[in-house]
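# A structural walkthrough
Spelled out, the chains give:
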Amino acid sequence: MTARIIDGKAFAAILRESVAEHVSQLKQTHGITPGLAVVLVGDDPASQVYVRSKGKQTIEVGMNSYEYKLPADTPESELLALIKQLNLDPSVHGILVQLPLPQHIDEALVINAIDPAKDVDGFHISNAGLLATGQQAMVPCTPLGCLMMLREYCGNLTGLNAVVIGRSNIVGKPMAQLLLRESCTVTVVHSRTRNLPDILRGADIVVAAVGRPLFVQGDWIKTGATVIDVGINRIDQGDGTTRLVGDVDYDAAKEVAGAITPVPGGVGPMTIACLLANTVTACCRAHSLPEPKGLAA
Ligand code: NDP
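What you see is a predicted model, and the numbers here were worked out from it, not measured in a lab.

What counts and how
- Numbering of residues begins from 1 in every chain and follows the order in which that chain's sequence is written.
- In keeping with the predicted nature of the model, local features appear solely for residues at pLDDT of at least 70, side-chain atom pairs appear and are counted solely at 80 or more, and the whole-chain, interface and lining totals rest on all residues.
- Note that water and hydrogens are dropped before the side-chain values are worked out from all heavy atoms of the structure.
- Strands are runs of DSSP state E lasting at least 2 residues, helices are runs of H or I lasting at least 4, and numbering of each runs from the N terminus.
- Note on contacts: a residue pair qualifies if any of its non-hydrogen atoms lie within 4.5 Å across the two residues.
- Every accessible area reported is derived by Shrake-Rupley at a probe size of 1.4 Å, with residue values counting cover from the shown protein chains alone.
- Only four residue types enter the charge count: Lys and Arg as positive, Asp and Glu as negative, with His and the chain ends excluded.
- Think of each charge as sitting on NZ of Lys, CZ of Arg, CG of Asp or CD of Glu.
- Residues are labelled near a given molecule or strand when at least one of their non-hydrogen atoms is within 4 Å of it.
- The term polar contact refers here to a pair of N or O atoms within 3.5 Å; inside protein, the definition further demands a hydrogen-donor-capable atom paired with an acceptor-capable atom, and it admits residues adjacent in sequence only when both atoms are side-chain atoms.
- Think of it as three bins: nonpolar holds Ala, Val, Leu, Ile, Met, Phe, Trp, Tyr, Cys and Pro, charged holds Asp, Glu, Lys and Arg, and polar takes everything else, Gly as well.
- Each Phe, Tyr or Trp ring, with Trp reduced to its six-membered ring, pairs with another whose centre is within 6.5 Å; inter-plane angles below 30 degrees give stacked pairs, above 60 give edge-to-face pairs, and intermediate values give tilted ones.
- Only protein chains enter the area calculation, which uses a 1.4 Å probe; residues under 20% of their type maximum are buried, those over 50% are exposed, and those in between are partly exposed.

## Some points on the overall build of the chain
Helices and strands together make up the secondary structure of the chain, namely 10 helices and 11 strands. Each principal axis of the C-alpha distribution contributes one length, and for the chain these read about 50 × 45 × 35 Å. Expressed as a percentage of contacts within the chain between residues at least 6 apart in sequence, the contacts between residues at least 24 apart total 68%. When the accessible surface of the chain is summed, it comes to about 13600 Å², and 51% of that surface belongs to carbon and sulfur atoms. Considering the chain, the positive charge centre built from 24 side chains and the negative charge centre built from 29 side chains are found 4 Å apart.

Here you go:
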């Protein structure tokens, strides 16, 4: 069996088109332009790339993009003051603080200072709680993107055995909550799990968010399973070059799985597209307008 390749790039392009249509409708019908503020503290090169890409895509779908680049030694109080200002700004519907933050800044304090209604990353403790209790929340972008792709490729997820590898607050836990909401039977495995390969062998859906290159072996995958690889790992090829790989041994897994996301080109592109979708959702909620279909969880 050779798996269907889940093309996250194509999927993200379709989602961005849908976001752009909704943005255009909001402008024409209500005179509202959704706005996303992205705050970057310091000069981490990877973060700079992400922020640039987010800003570019925000503008491409017709939204307003506000970028705040602060020096690495910005005092925590100054960052909190900026967030307070953005919380009060009616032209800003989404606020994203690029992580990681410099060590002298308390990440949790900063994230929880964002108005939960503008927390388009879905990391605020209120949004985590709302999601966990099955209420309307802002859903973290990466798991939201994974869910959208799973719905597309598996159809109805009810009753399927889903195994999530990893229990981080930004991927593993919200992913498990979303799959529970879809009535999957969900198992979360982590570094202390016993017999992990055996647990995976019973999974109809595998979501790997481990951060270990090629961790999931082909013979851990059930025939026909759908595999979503969240991992992004850069490995040395031994000849002075590097390449990006996921958490799944893709070459082996694709011979067994029914469908699989590649790395790069799978989950990654969906994450920013979902950030844009969340900003439109936040904008509609802020103006008590009906939420566009297909953009939220
Ligand atoms: P974290 O490091 O926060 O969490 C990793 C999880 O994997 C932990 O729960 C850890 O378990 C578990 N784990 C580690 N080693 C093992 C092991 N040997 N067996 C089983 N479980 C293990 O990572 P994130 O959730 O933030 O990210 C995971 C991956 O996803 C990374 O590669 C990251 O780069 C990528 N990522 C990709 C995104 C995208 O847009 N595509 C977005 C966000 C992340 P324990 O809790 O016990 O330590």
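## Examining the site of the ligand
Lining the immediate surroundings of the ligand are 21 residues, of which Arg167, Ser168, Ser191, Arg212 and Thr271 lie closest. Between a nitrogen atom of the ligand and a main-chain N or O atom of Val230, the distance comes to 3.4 Å. Between the ligand and Thr271, the relevant distance is 2.8 Å, taken from an oxygen atom to a side-chain nitrogen or oxygen of the residue. Of the residues that constitute the shell around the ligand, the class distribution is nine nonpolar, 10 polar and two charged.

## Some details on the packing of aromatic side chains
Applying the stated criterion across every chain yields a total of one aromatic pair. Consider the rings of Phe215 and Trp220, whose centres lie 5.5 Å apart with planes at 85°: the pair is edge-to-face. Among the residues examined, Trp220 registers a relative accessible area of 13% and is labelled buried.

## Looking at the environment of Gly268
Residue placement: Gly268 occurs in helix H10 (residues 267-286). By relative accessible area, which is 38% here, Gly268 ends up partly exposed. Between the alpha carbons of Gly268 and Ala12 there is a distance of 9.2 Å; along the sequence they are 256 residues apart.

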